[in-house]
Amino acid sequence: MTTITPDLARAGGPLEYAHDNYLTHSHGVRSWLLTLDHKRIGIMYLVAVLSAFFVGGLFAEIVRTQLLIPTGALFTSASADASPYKVYNQMFTLHGAIMIFLVLIPGIPAALGNFVLPIMLGAKDVAFPRLNLFSFYLYLSGAAIAVISIALGAVDTGWTFYTPYSIESQTAVSWMVFGVFILGFSSILTGMNFIVTIHKLRPPGMTWFRMPLFLWAIYATAIIQVLATPVIGITALLLMMERILHVGIFNPKFGGDPVLFQHFFWFYSHPAVYIMILPAMGVMSEVISTFSRKHIFGYKFIALSSIAIAVIGFLVWGHHMFPNGQSTMLATIFSFLTMTVAIPSAIKVWNWLATMYKGSIDLATPMCYALAFIFLFAIGGLTGVFLGTLSVDVHLHDTYFVVAHFHYVMFGGTLIGFLSGLFYWWPKITGKLYNETLGRLSCVLIFVGFNTTFLPQFVMGSQGMPRRYATYWPEFQPYHVMSTIGAYIQFIGFAVAAVALLHSLFKGKTSPANPWGSATLEWSCTSPPPHDNFKTTPTVGDPYDHSNLVWDDKVQGYVRNNRLAESYTTKTAIPRQPKGH
Amino acid sequence: MNLLSHILAGTDPTFFLPKGASNLAGDVDSAWNIILVVTTIFFFIVVGAMTFFVIKYRRRAPNDGATSEVTHNTPLEIAWTAIPLALVIMFFFVGFKGFLKYDNPPPNCRHVEVIGQQWKFTFNYPNGATDSDLYVEEGQPVQLDMHSVDVLHALYLPTFRTQRNLIPYRQTEIWFIPTELSPAPTQSDPGGWPIFCTQHCGNGHSRMFAHVHVLAKADYDQKMKELANPFKKKNGDKSSWVPYVQLGEKLYSQMGCNTCHSLDGKAGTGPTWKGLYKRDHDFSSLDDPNYTLKASDNDAKWEAYLSQSITSPDAKLVRLNGINYHGMPSSYGSTLGGSPENIEKQRALIEFIKSNGNTGYKPPIPFDSELYDADKHPEFHPESLAAQKAKEAATTPPAGQ
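Sequence order as written defines the numbering, with residues in each chain counted from 1. Chains and ligands are labelled sequentially in the order written, the chains with letters from A and the ligands with numbers from 1. At least 70 in pLDDT is required for a residue's local features to be given in this predicted model, at least 80 for side-chain atom pairs to be given and counted, and no such filter applies to totals for whole chains, interfaces and linings, which use all residues.

Peer 1: Explain the overall build of chain B to me, please; I cannot follow it from the model alone.
Peer 2: Across its full length, chain B holds nine helices and 15 strands. Expected size for 401 residues packed as a compact globule is a radius of gyration near 21 Å; at 29 Å, chain B overshoots this value by more than 25%. Principal-axis analysis of the C-alpha atoms gives chain B an extent of 115 × 60 × 40 Å. Looking at chain B residue by residue over its 401 residues, the buried ones come to 37%. The contacts of chain B with a sequence gap of at least 6 include a subset with a gap of at least 24, amounting to 62%. In DSSP terms, a helix is any run of H or I states spanning at least four residues, a strand is any run of E spanning at least two, and both are numbered starting from the N terminus. Our radius of gyration is a C-alpha quantity, and the globule rule it is checked against amounts to 2.2 Å times the number of residues to the power 0.38. Counting other C-beta atoms within 10 Å of its own, a residue is labelled buried from 20 upward, exposed at 12 or fewer, and partly exposed in the gap between, with every C-beta atom placed from the backbone. We call two residues in contact if the C-beta atoms placed from their backbones are at most 7 Å apart.

Peer 1: I would appreciate a short explanation of the overall build of chain A in the present structure.
Peer 2: In terms of regular secondary structure, chain A is built from 16 helices and four strands. Seen through its principal axes, chain A has C-alpha atoms that stretch 75 × 50 × 45 Å. Counting all 581 residues of chain A, 64% fall into the buried class.

Peer 1: What is the right way to read the interface of chain B and chain A from this model?
Peer 2: Size of an interface, as often reported, equals the accessible area lost when the parts are brought together. In this assembly, 84 residues from chain B lie in contact with 86 residues from chain A. Of all the secondary-structure elements, those providing two or more residues to the side of chain B that touches chain A are helix 2 (25-56), helix 3 (74-102), strand 6 (153-157), strand 7 (162-166), strand 9 (193-197) and strand 15 (323-324) of chain B. Take the side of chain B that touches chain A: its biggest share by element is 15 residues, from helix 3 of chain B. Tallied by class, the residues present in the side of chain B that touches chain A amount to 46 nonpolar, 26 polar and twelve charged. Residues are sorted three ways: Asp, Glu, Lys and Arg are charged, Ala, Val, Leu, Ile, Met, Phe, Trp, Tyr, Cys and Pro are nonpolar, and all the rest, Gly among them, are polar.

Peer 1: When you look at the sheet that holds strand 10 (residues 209-215) of chain B in this model, what are you seeing that I'm missing?
Peer 2: The pairing of strands in a sheet comes from backbone hydrogen bonds and takes either a parallel or an antiparallel form. Residue and element names in this part refer to chain B. Here we have five strands laid out as an open sheet, ordered 4-10-9-6-7, and mixed in their pairing. Edge positions in the sheet fall to strand 4 (134-137) and strand 7, since each of these pairs with one other strand and no more. Ignoring strand direction, the axes of neighbouring strands in this sheet form an average angle of 25 degrees. Where strand 4 lies against strand 10, four bridges are found, and the strand directions are parallel. Bridged to tyrosine 135 within strand 10 is histidine 213. Axis geometry follows a simple rule: fit a line to the C-alpha atoms, using only the stretch in contact for helices, then measure angles between N-to-C directions, giving values from 0 to 180 degrees. Seen against the sheet, helix 4 (residues 217-228) touches strand 4 and strand 10 and runs at an angle of roughly 140 degrees to strand 4. The pairing criterion for strands is at least two bridges between them, as found by DSSP.

Peer 1: Can you walk me through the environment of histidine 480 of chain A in this structure?
Peer 2: Residues and elements named next belong to chain A. In this structure, histidine 480 sits in helix 15 (residues 477-507). Judged by the 24 C-beta atoms lying within 10 Å of it, histidine 480 falls in the buried class. Put simply, histidine 480 and glutamine 556 are 76 residues apart on the chain and 48 Å apart in space, counted from C-alpha to C-alpha. Sequence-distant contacts of histidine 480, that is, excluding residues within four places in its chain, are made with Leu67, Leu68 and Tyr472.

Peer 1: I'm lost on the pairing of strand 2 (residues 120-124) of chain B in this one. Help?
Peer 2: Residue and element names in this part refer to chain B. Where strand 1 (residues 110-117) and strand 2 come together, five bridges link them in antiparallel fashion. Across the sheet, residue glutamate 113 finds its bridge partner in strand 2, namely asparagine 124. Between strand 1 and strand 2, which pair antiparallel and follow one another directly, the connecting turn spans two residues. Here two bridges tie strand 2 to strand 3 (residues 130-131), and the two strands are oriented antiparallel to one another. Of the residues in strand 3, the one forming a bridge with asparagine 124 is threonine 130.

Peer 1: What should I look at first to understand the packing of helix 6 (residues 299-311) of chain B against helix 8 (residues 340-355) of chain B in this one?
Peer 2: Relative orientation and spacing of two packed helices are given, respectively, by the angle between their axes and the distance between those axes. All names here are of chain B. At a minimum axis separation of 10 Å, helix 6 and helix 8 run at an interaxial angle of 120 degrees. The orientation of helix 6 with respect to helix 8, classified from their angle, is oblique. Crossing of helix 6 over helix 8 shows right-handed handedness. Across the interface between the two elements, Glu303, Leu306, Ser307 and Ile310 of helix 6 pack against Gln346, Leu349, Ile350 and Ile353 of helix 8. A per-class count over the contact of helix 6 with helix 8 returns five nonpolar, two polar and one charged. Angles below 35 degrees are treated as roughly parallel, those above 145 as roughly antiparallel, those between 65 and 115 as roughly perpendicular, and all remaining angles as oblique. It is the rotation of the near helix from the far one that decides the hand of a crossing: anticlockwise by less than a right angle makes it left-handed, clockwise makes it right-handed.

Peer 1: Help me out: how do you make sense of the sheet that holds strand 13 (residues 282-286) of chain B in this one?
Peer 2: All names here are of chain B. The strand order 13-14-15 describes an open sheet built from three strands, whose pairing is antiparallel. Only two strands of the sheet have a single neighbouring strand rather than two, namely strand 13 and strand 15. As defined by bridge partners, strand 14 (residues 316-320) adjoins strand 15 across two bridges and the pair is classed as antiparallel. Counted as the bridge partner of arginine 319 is asparagine 324 from strand 15.

Peer 1: Looking at this structure, I do not really get the domain arrangement of chain B. What am I missing?
Peer 2: All names here are of chain B. An automatic or database domain assignment is the source of the domain bounds shown. When its domains are assigned, chain B resolves into domain 1 (2-58 + 74-102), domain 2 (110-235) and domain 3 (239-395). A straight line from the C-alpha centre of domain 1 to that of domain 2 covers 31 Å. Contact with domain 1, which involves 13 residues of that partner, is made by 13 residues of domain 2. Split by residue class, the side of domain 1 that touches domain 2 holds eight nonpolar, four polar and one charged.

Peer 1: I would appreciate a short explanation of the nonpolar core in the present structure.
Peer 2: Most often, soluble globular proteins keep nonpolar side chains buried together rather than apart. Any set of buried Ala, Val, Leu, Ile, Met, Phe, Trp, Tyr and Cys residues joined through C-beta atoms within 7 Å is what this text calls a nonpolar core. The biggest cluster of nonpolar side chains holds 253 residues, and the ones touching the most others in it are Leu215, Ala372 and Ile374 of chain A together with Leu155 and Ile195 of chain B. Examining the composition of this core, we find that 25 residues originate from one element, helix 3 (residues 84-121) of chain A, more than from any other. Counting 22 residues, the second largest nonpolar core, distinct from the first, contains Trp302, Ile310, Ala348 and Ile353 of chain B.

Peer 1: Teacher, can you tell me more about the domain arrangement of chain A here?
Peer 2: Residue and element names in this part refer to chain A. Domain parsing of chain A yields domain 1 (1-31 + 513-581) and domain 2 (32-512). Its C-alpha centre places domain 1 at a distance of 31 Å from the equivalent point of domain 2. With 46 residues of domain 1 at the interface, the matching set in domain 2 holds 40 residues. If you tally residues by element for the side of domain 1 that touches domain 2, the top one is helix 1 (residues 29-33), at three residues.

Peer 1: In this structure, what is going on with the packing of helix 14 (residues 436-462) of chain A against helix 15 of chain A? I would like to understand it.
Peer 2: Residue and element names in this part refer to chain A. Interaxial distance between helix 14 and helix 15 falls to 7 Å at its minimum, and their mutual angle equals 160 degrees. Regarding the angle of helix 14 to helix 15, the classification is roughly antiparallel. Relative to helix 15, the crossing made by helix 14 is left-handed. Across the contact of helix 14 with helix 15, the residue classes break down as 20 nonpolar, ten polar and no charged.

Peer 1: Please explain helix 4 (residues 129-153) of chain A as it appears in this structure.
Peer 2: Along an α-helix, a turn takes 3.6 residues, which lines up residues three or four apart on a common side. All names here are of chain A. The length a helix should cover is 1.5 Å for every residue beyond the first. With 25 residues, helix 4 should cover 36 Å at 1.5 Å per step; its first-to-last C-alpha distance of 36 Å lies within 8% of that length. What helix 4 keeps buried is the set Asn132, Ser135, Phe136, Tyr139, Gly142, Ala143, Ala146 and Ser149. If you follow the buried residues of helix 4, they end up packed against helix 2 (38-66), helix 3 and helix 6 (173-200).

Peer 1: Looking at this structure, how should I read the confidence of the model for chain B?
Peer 2: Residues and elements named next belong to chain B. Overall, the prediction assigns chain B a mean pLDDT of 87, with 96% of residues at 70 or greater. Segment residues 1-7: pLDDT under 50, and three contacts once partners within four positions in sequence are set aside and those in other chains are kept. Interface predicted TM-score (ipTM) for the complex: 0.89; the corresponding pTM is 0.85. Every residue is assigned a pLDDT by the predictor, reflecting its confidence on a scale from 0 to 100.

Peer 1: Just to check I follow, could you spell out unusual backbone geometry for this structure?
Peer 2: Negative phi characterises most residues that are not glycine, and trans characterises most peptide bonds. Residue proline 164 of chain A is bonded to the preceding threonine 163 of chain A through a cis peptide linkage, with omega at 0 degrees. Examined against the element boundaries, proline 164 of chain A turns out to sit in the loop between helix 4 and helix 5 (165-168). In this structure, the amide linkage connecting glutamine 118 of chain B to the following residue, tryptophan 119 of chain B, adopts the cis form with an omega of 0 degrees. With respect to the secondary-structure elements, tryptophan 119 of chain B resides in the loop between strand 1 and strand 2. Residues other than glycine seldom take positive phi values, yet histidine 246 of chain A does so here, at roughly 50 degrees. Looking at the secondary structure, you find histidine 246 of chain A in the loop between helix 7 (213-245) and helix 8 (258-292).

Peer 1: What's the story with the environment of alanine 372 of chain A in this structure? I'm lost.
Peer 2: All names here are of chain A. Along the polypeptide, alanine 372 turns up in helix 11 (residues 365-388). Classification of alanine 372 by C-beta neighbours within 10 Å gives buried; the count is 22. Separated by 41 residues in the primary sequence, alanine 372 and glycine 413 place their C-alpha atoms 8.7 Å from one another. Residues within four places of alanine 372 in sequence aside, it is in contact with Ile416, Cys443 and Phe447.

Peer 1: Just to check I follow, could you spell out the confidence of the model for chain A for this structure?
Peer 2: It should be kept in mind that the predicted coordinates are not to be read in detail where pLDDT is low. Residues with a pLDDT of 70 or more make up 92% of chain A, whose mean pLDDT is 90. Contacts from residues 563-581 of chain A, a stretch scored under 50 in pLDDT, to residues over four places away or in other chains number 38 contacts.

Here it is in structure tokens:
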């Protein structure tokens with residue numbers, strides 16, 4: 001494959017690297033821990049999220065290893081607390097809870113969003129920098145409490161904490177949900193900060209419909225965060241009260257209703273999956289337009305579909321409970337609404353494809369991840385139609401089909417979107433270029449490993465394999481073995497991605513301001529950006545107009561060429577440059 | 001029943017779906033097939049277009065620009081919104097139609113009560129029979145009236161394409177018409193089709209399963225009779241009492257003891273029953289701090305201990321091979337306490353525990369004793385009678401005082 005992304009090994013480095021940037025602006029641990037700079041806070045989030053991801057991933061590998069053989073490969077004999085399966089239940093619970101609350105929810109908005117949102121918008125920082133730092137420390141506190149809960153007796157209820165098992169479980173459920181409560185505040189404050197920033201800090205010329213689509217996605221996400229998260233907060237408190245004070249809201253022994261908990265839980269947790277996927281969709285819009293060198297197709301449809309998802313996403317929670325003791329009438333209404341929420345997501349996929357049509361597609365690492373996203377998200381979305389269909393869901397409910405569907409959306413969607421964004425903005429964040437070959441290799445390995453893991457789970461699920469089983473009937477073994485092999489391949493893929501990124505920090509070539517030819521504002525400041533982002537208020541243009549960006553061999557990146565821009569036509573005007581060497 | 005036969009439609013197993021053997025399977029499987037075809041077409045359109053564009057419009061030099069700057073096309077955008085919308089609304093109606101069936105049981109359903117507990121299902125039949133497996137009659141509509149006694153469970157019948165949660169203090173229902181006889185049990189295979197618990201319910205969740213057996217009418221009636229009185233068995237015209245040790249062995253799996261207690265010495269959620277009787281016991285928690293239990297203690301003390309461990313499992317918690325066992329869920333005690341019949345079942349289990357792994361075991365009454373002849377002694381189980389007499393002897397003051 002021809003590599004046309006900047007390869008600086010032969011070019012002597014770009015001219016645009018900024019030696020005075022936000023990383024070198026001040027020094028010392030204190031300058032980081034007490035920073036009000038959204039970029040540094042974003043980096044601290046990034047480190048925390050990636051650490052949590054590593055831990056959550058290890059739990060996943062343990063879960064998959066246990067399932068290699070029907071009677072369990074790891075936890076077969078009793079341990080000190082007497083049940084061999086309890087440990088397995090703890091492992092999948094921790095995997096779920098860590099991945100959801102510590103990785104997927106804060107991953108893109110808090111880590112990448114914090115870094116790029118103000119720069120993309122043309123602002124010097126978020127609206128409330130101190131609040132931003134505070135919400136980071138809330139995140140750390142919540143994470144710390146979650147870790148303490150592991151030490152006190154790792155939760156074995158599943159990340160869904162269904163009552164009354166979560167009331168009766170002898171594990172540290174109260175601690176874990178208290179951690180979730182604190183993490184919820186972090187999420188709410190971040191969302192509020194972003195909403196105010198987008199409303200109040202847009203520079204002149206940055207109208208709503210000139211905002212990059214990533215910002216629309218983050219905005220829609222922030223609305224959900226602010227409106228839905230309080231519900232999980234109060235639910236967590238009620239669950240703690242139920243455990244400690246026996247108030248009888250969820251516990252049927254005291255007149256409570258265990259199904260009410262599921263309504264409360266999913267009233268947050270369904271919108272929460274949109275908190276997770278919407279920002280990834282925003283990343284896709286940026287990456288696909290940039291690497292196709294073409295204006296995004298159907299800008300307004302994409303922007304408004306984010307809002308549509310945010311609104312309709314609040315009205316579909318009952319589809320998690322079709323056979324769970326919800327009335328037939330409710331189930332019917334929820335099924336219908338669930339079908340309609342599929343449409344805005346479908347619109348986005350069509351628009352991304354139309355953006356690629358007649359574009360100039362560069363298969364750089366972020367674009368490879370974006371293509372993987374479209375492939376995996378298509379499967380995730382389409383299998384959601386099976387689950388939204390009432391009669392079919394009765395057969396598939398709580399089987400591995402659901403597990404596979406969920407991972408295709410949350411991992412194939414959100415996490416792959418996060419990786420795409422991470423590789424996309426990495427040169428901007430660190431000022432370093434990574435090795436493209438390693439980056440692409442990581443994408444291929446993760447993609448192959450992912451499908452090997454989760455495609456068989458659709459089949460075993462529709463064949464009737466229930467989820468959350470520490471042991472299983474032998475006829476399902478071939479699927480489980482394949483699935484576990486896939487999990488190991490993914491592990492290698494993530495290791496390669498980590499090597500690619502870490503290697504760039506130490507050995508990577510310095511990055512130009514605009515290595516990819518993006519037209520959004522963050523690429524018009526240096527890499528890494530200066531402490532205050534913009535010396536003067538930037539001029540705002542169309543975020544998807546790539547026509548006056550041309551490759552410059554001297555800087556090994558794309559530059560704005562106003563002279564060329566005047567005579568530029570998409571087909572012929574730019575003289576072809578020789579390849580970047 | 002003939003009236004119903006036209007709506008009875010089973011389905012054959014496919015790559016994705018297991019055999020469908022109930023009246024519900026036809027609708028689910030046809031909905032599955034419709035959605036599978038449509039979504040597969042859409043998937044290939046998306047991935048096909050993506051692959052084609054990537055190959056065709058690949059950038060060959062850094063300044064290659066797009067060859068089109070089209071930014072929107074309203075008719076196209078309306079089309080790709082409206083067509084999927086129409087399709088998903090169609091799917092909704094297909095699913096809705098099938099779902100209505102789940103909610104409309106015919107009036108002639110046979111009702112079976114289902115009780116879920118950590119970690120077993122109990123099926124109570126109209127004639128008073130009880131078992132840990134579900135027996136149904138081919139072609140006869142059945143409604144399961146279900147509830148849980150502890151946490152949430154779910155009863156999932158993949159072959160019948162149905163499931164529902166079991167909720168404490170609330171009844172939920174499943175109904176279906178089995179359309180096909182299930183595989184008969186063999187020496188190595190319990191037969192039937194799987195019933196799984198699909199709602200995470202704690203340590204034994206993945207061990208909480210049962211079988212559904214679809215029988216022809218005559219077999220079903222025979223099975224019901226057998227289950228109705230586990231204490232007696234029929235052999236031709238003769239009926240005889242089942243010795244406690246044999247009954248206990250049956251109850252061991254019927255009542256779900258096997259989920260946690262092994263017979264071969266393997267550690268499980270509960271302590272193994274192998275060699276349990278008359279082994280020096282070590283406890284991690286005791287209701288009476290001075291209590292000890294040694295191999296040398298007499299049968300009465302041992303039996304009292306076992307009986308208490310069944311009905312009040314938290315009273316004395318055993319420590320075995322370095323493991324501190326938790327108390328068993330109290331729901332087991334409540335299903336085995338109280339009625340004289342339950343006390344007999346307790347004795348049967350205790351007798352089985354005594355015998356397990358004990359080559360020198362002697363039953364209280366020899367198996368070939370004529371006392372087991374239920375036609376001659378129809379009223380009481382001989383071992384129950386013997387226990388009663390022993391108790392009376394112990395409480396009646398000896399003559400002459």
